[in-house]
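Each chain, written out:
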Amino acid sequence: MAKKLGNALAEIIENVNGEYANGGYIVFSSENNELLILSEDDYVLASGIADAFQNLYPDKKDTNSEKFNKAPKPNQGWICAGSCSSTLGAISLAKKIGKRIGEGRDFEIHAEYKDGKYYVWYRVV
(Lines give C-alpha, C1' and ligand atoms only; values in the text may rest on other atoms or scores of the structure.)
Protein backbone atom coordinates (compact mmCIF):
# COMPACT_ATOMS: atom_id res chain seq x y z
CA MET A 1 0.00 0.00 0.00
CA ALA A 2 2.81 2.43 0.84
CA LYS A 3 4.23 2.16 -2.68
CA LYS A 4 0.81 2.61 -4.31
CA LEU A 5 0.06 5.59 -2.09
CA GLY A 6 3.53 7.08 -2.67
CA ASN A 7 3.11 6.83 -6.44
CA ALA A 8 -0.32 8.46 -6.29
CA LEU A 9 0.88 11.37 -4.14
CA ALA A 10 3.97 11.77 -6.33
CA GLU A 11 1.72 12.00 -9.41
CA ILE A 12 -0.08 14.95 -7.82
CA ILE A 13 3.17 16.62 -6.70
CA GLU A 14 4.87 16.17 -10.09
CA ASN A 15 1.79 17.59 -11.85
CA VAL A 16 3.18 16.69 -15.28
CA ASN A 17 0.17 17.75 -17.36
CA GLY A 18 -1.01 20.61 -15.12
CA GLU A 19 -4.11 18.70 -13.99
CA TYR A 20 -3.20 19.13 -10.31
CA ALA A 21 -2.21 22.81 -10.38
CA ASN A 22 -4.86 23.52 -7.72
CA GLY A 23 -4.08 20.36 -5.81
CA GLY A 24 -5.47 16.88 -5.88
CA TYR A 25 -7.17 14.13 -3.94
CA ILE A 26 -6.53 10.47 -3.36
CA VAL A 27 -9.57 8.41 -2.36
CA PHE A 28 -9.11 4.81 -1.23
CA SER A 29 -11.83 2.17 -0.85
CA SER A 30 -10.74 -0.83 1.18
CA GLU A 31 -13.79 -2.83 0.05
CA ASN A 32 -12.44 -3.23 -3.48
CA ASN A 33 -8.84 -2.14 -2.82
CA GLU A 34 -9.26 0.74 -5.27
CA LEU A 35 -7.33 4.00 -5.18
CA LEU A 36 -8.51 7.00 -7.21
CA ILE A 37 -6.47 10.10 -7.97
CA LEU A 38 -8.70 13.11 -8.60
CA SER A 39 -8.03 16.68 -9.61
CA GLU A 40 -9.73 19.45 -7.68
CA ASP A 41 -12.38 19.72 -10.42
CA ASP A 42 -13.00 15.95 -10.49
CA TYR A 43 -13.38 15.89 -6.72
CA VAL A 44 -15.89 18.76 -6.76
CA LEU A 45 -17.87 16.95 -9.48
CA ALA A 46 -17.87 13.68 -7.49
CA SER A 47 -18.94 15.61 -4.39
CA GLY A 48 -21.84 17.16 -6.28
CA ILE A 49 -22.99 13.79 -7.60
CA ALA A 50 -22.81 12.26 -4.11
CA ASP A 51 -24.81 15.16 -2.66
CA ALA A 52 -27.41 14.93 -5.45
CA PHE A 53 -27.84 11.21 -4.81
CA GLN A 54 -28.32 11.86 -1.12
CA ASN A 55 -30.93 14.56 -1.85
CA LEU A 56 -32.83 12.33 -4.31
CA TYR A 57 -32.83 9.29 -2.04
CA PRO A 58 -32.64 10.55 1.55
CA ASP A 59 -33.83 7.22 2.95
CA LYS A 60 -30.94 5.35 1.30
CA LYS A 61 -27.70 5.74 3.23
CA ASP A 62 -24.91 6.49 0.76
CA THR A 63 -21.62 6.08 2.58
CA ASN A 64 -19.75 7.36 -0.46
CA SER A 65 -21.27 10.84 -0.06
CA GLU A 66 -19.51 11.16 3.30
CA LYS A 67 -16.16 10.71 1.59
CA PHE A 68 -16.42 13.83 -0.53
CA ASN A 69 -15.92 16.98 1.51
CA LYS A 70 -13.49 19.61 0.29
CA ALA A 71 -10.43 19.62 2.48
CA PRO A 72 -9.47 20.82 4.95
CA LYS A 73 -12.65 21.71 6.77
CA PRO A 74 -12.77 21.93 10.56
CA ASN A 75 -14.54 19.14 12.42
CA GLN A 76 -14.46 16.72 9.50
CA GLY A 77 -11.51 14.66 10.63
CA TRP A 78 -8.78 16.14 8.42
CA ILE A 79 -5.29 15.79 9.89
CA CYS A 80 -2.28 17.68 8.54
CA ALA A 81 0.46 15.22 7.56
CA GLY A 82 2.99 17.88 6.58
CA SER A 83 4.30 19.44 3.39
CA CYS A 84 6.62 18.47 0.56
CA SER A 85 7.94 19.84 -2.68
CA SER A 86 9.54 16.80 -4.31
CA THR A 87 8.79 13.22 -5.28
CA LEU A 88 10.99 11.95 -2.46
CA GLY A 89 9.08 14.11 0.01
CA ALA A 90 5.78 12.78 -1.36
CA ILE A 91 6.91 9.18 -0.89
CA SER A 92 8.08 9.91 2.64
CA LEU A 93 4.75 11.55 3.54
CA ALA A 94 2.83 8.66 1.97
CA LYS A 95 4.69 6.14 4.15
CA LYS A 96 3.96 8.24 7.23
CA ILE A 97 0.26 8.50 6.35
CA GLY A 98 0.02 4.79 5.57
CA LYS A 99 1.39 3.88 9.00
CA ARG A 100 -1.03 6.22 10.75
CA ILE A 101 -4.09 4.97 8.87
CA GLY A 102 -3.34 1.25 9.03
CA GLU A 103 -4.79 -1.59 6.97
CA GLY A 104 -8.37 -2.15 5.86
CA ARG A 105 -9.67 1.40 6.22
CA ASP A 106 -11.17 3.82 3.72
CA PHE A 107 -9.41 7.17 3.56
CA GLU A 108 -8.89 10.38 1.65
CA ILE A 109 -5.77 12.45 1.12
CA HIS A 110 -5.76 16.04 -0.06
CA ALA A 111 -2.68 17.84 -1.40
CA GLU A 112 -2.90 21.59 -1.91
CA TYR A 113 -0.27 23.71 -3.64
CA LYS A 114 0.69 26.93 -1.88
CA ASP A 115 3.88 29.00 -1.76
CA GLY A 116 6.01 26.46 -3.66
CA LYS A 117 4.99 23.45 -1.55
CA TYR A 118 2.22 20.91 -1.38
CA TYR A 119 0.47 20.78 1.98
CA VAL A 120 -1.00 17.35 2.62
CA TRP A 121 -3.97 16.35 4.79
CA TYR A 122 -5.58 12.96 5.32
CA ARG A 123 -8.61 11.50 7.02
CA VAL A 124 -10.20 8.13 7.60
CA VAL A 125 -13.78 7.95 6.29
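The structure this text deals with has already been given above.
Criteria and thresholds
In every chain, residue numbers begin from 1 and rise along the written sequence. Local features in this predicted model are restricted to residues of pLDDT 70 or higher, and side-chain atom pairs are both shown and tallied only at a pLDDT of 80 or more, whereas totals for entire chains, interfaces and linings draw on every residue. Just so you know, side-chain values use all the structure's heavy atoms and leave hydrogens and water out. Think of it this way: any DSSP run of H or I at least four residues long counts as a helix, any run of E at least two long counts as a strand, and we number them from the N terminus. Exposure classes here rest on a 1.4 Å probe applied to the protein chains alone. A residue is buried below 20% of its type maximum, exposed above 50%, and partly exposed in between. Strand pairing is defined by DSSP finding a minimum of two bridges between the two strands. Between the N-to-C directions of two axes lies an angle of 0 to 180 degrees, each axis being a line fitted to C-alpha atoms and, for a helix, fitted only over the stretch in contact. Residues are treated as being in contact if the distance between any of their heavy atoms lies within 4.5 Å. Working definition of a nonpolar core: buried Ala, Val, Leu, Ile, Met, Phe, Trp, Tyr and Cys residues. They are joined through side-chain atoms within 4.5 Å. One fewer than the residue count of a helix, multiplied by 1.5 Å, yields its expected span. To be clear, the arc concerns the directions from the helix axis to the C-beta atoms.

K.L.:
Account for the environment of Glu40, with residues named and values stated.
P.N.:
Relative to the helices and strands, Glu40 resides in helix H2 (residues 40-56). By relative accessible area, which is 12% here, Glu40 ends up buried.

K.L.:
Now, about the sheet that holds strand E2 (residues 34-39): what can you tell me, with residues and values included?
P.N.:
If you walk across this open sheet you meet the 5 strands as E2-E1-E4-E5-E3, and the pairing is antiparallel. Both edges of this open sheet fall to E2 and strand E3 (79-84), since each of them pairs with a single strand only. Mean inter-strand twist for the sheet, computed between neighbouring axes without regard to direction, equals 20°. Sheet topology note: the strand E1 (residues 24-29)/strand E4 (residues 107-114) ladder contains 5 bridges and is antiparallel. Of the residues in E4, the one forming a bridge with Ile26 is Ile109. Sheet strands in contact with helix H3 (residues 87-101) are E3, E4 and strand E5 (117-124), and its direction is about 160° off that of E3.

K.L.:
Can you explain the nonpolar core? Please cite residues and give values.
P.N.:
Counting residues in each nonpolar core, the largest one holds 23 residues, and the members touching the most others are Leu5, Leu9, Ile26, Ile97, Ile109 and Val120. When residues of this core are traced back to their parent elements, those giving at least two are helix H1 (2-14), E1, E3, H3, E4 and E5. Ranked by residues supplied to this core, first place goes to H1 with 6 residues. Ignoring anything within four residues of it in the chain, the contact list for Val120 reads Leu9, Ile79, Cys80, Ala81, Gly82, Leu93, Ile97, Ile109, His110 and Ala111. Core analysis: the second largest hydrophobic core is formed by 6 residues, Tyr25, Val27, Leu38 and Trp121 among them.

K.L.:
Hey, could you go over H3 for me, with residue numbers and the actual values?
P.N.:
An ideal rise of 1.5 Å per residue puts 21 Å on 15 residues; H3 measures up with 21 Å between its terminal C-alpha atoms. Residues of H3 that are buried: Gly89, Ala90, Leu93, Ala94, Ile97 and Ile101. Burial along H3 is one-sided: seen end-on, the buried residues are contained in an arc of 135°. Set apart from the buried face of H3 by more than 90 degrees, the exposed residues are Leu88 and Lys99. Tucked into the core, H3 has its buried residues touching H1, E3, E4 and E5. Where H3 terminates, the next one or two residues include Gly102, which has phi positive at roughly 85°.

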